[in-house]
Amino acid sequence: MSLLTGFTQPIDQSQQTFRLILKALSEPGYRVTLQGSPTWDRLNAASTAALLTLADQETPIQLSPELKSEQALTNIRFHSGAPLAERAEEVCFALFDSQLQATDLQALPRGSEISPEFSATVIVQLASLEQGTALRLTGPGIEHQRIISPQLPPALLDYLLNRPQRFPLGLDFLLTCGECLLALPRTTHVEVC
């Protein structure tokens, strides 16, 4: 299995990507572009950049069967050191595509009242961040409201609209398409326009 390139300027690019991901998380629904990121097999550039920046030896990951390949796993392990999670409750970062199911989301850790930080961040690769169901976002980081329309899998749309866990529990989402990324943290209220 061949190793693929990571960031060409690892320190500068990971710092820049980290700042952009923080901007996306602090301003839910705001789209950022992660330029110059590699792609690994079925992982798009934004998903690869997020893993290169956020994953490390202490953050077990899970990849959906559609995205899991030996090439992607080898490069994730080599460039970030992140192990593959052996059990669902260990997952720190989960990567899915449009085949995401409700059972996938239910299996992920959502934190606890005492330690809400032990929940998973879910990266979902989408065909488009536009032309889907129009959603109104409100909450921290949004002055009044923000309208987005990503093409979400039905299970994810249902999760976002009905949030089965009360804050501070829940999952945080990074939605990616190509080099673009937008975030929907658990603090964001989502409703259909």
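In the block above lies the structure referred to throughout.
This is a predicted model, so every value here is computed, not measured.

## A short note on the pattern of salt bridges
1) Next: Counted according to the given criterion, the structure contains seven salt bridges.
2) Next: In this structure, Glu70 engages Arg77 in a salt bridge whose closest nitrogen and oxygen atoms are separated by 3.1 Å.
3) Next: One salt bridge in this structure joins Arg87 and Glu90, with 3.3 Å as the shortest N-O distance.
4) Next: The class for Arg87 is partly exposed, based on a relative accessible area of 46%.
5) Next: A network of salt bridges, in which partner residues are shared, links Arg87, Glu89 and Glu90.

## Concerning the environment of Ala55
1) Next: Assignment of secondary structure puts Ala55 in the loop between helix H2 (45-54) and strand S2 (61-63).
2) Next: We classify Ala55 as buried; its relative accessible area is 7%.
3) Next: Distance in space between the C-alpha atoms of Ala55 and Gly170 is 19 Å, their sequence separation being 115 residues.
4) Next: Every residue in contact with Ala55, bar those within four places of it in the chain, is listed here: Ala50, Ile61, Ser80, Ala82 and Phe93.

Rules of the game
- Residues numbered from 1 in each chain as written.
- Predicted model: local features only at pLDDT ≥ 70, side-chain atom pairs only at ≥ 80, totals over all residues.
- Heavy atoms only, no water.
- Salt bridge = Lys/Arg side-chain N within 4 Å of Asp/Glu carboxyl O.
- Buried < 20%, exposed > 50% of the residue type's maximum accessible area, 1.4 Å probe, protein only.
- Helix = DSSP H or I, 4+ residues; strand = E, 2+ residues; numbered from the N terminus.
- Contact = heavy atoms within 4.5 Å.

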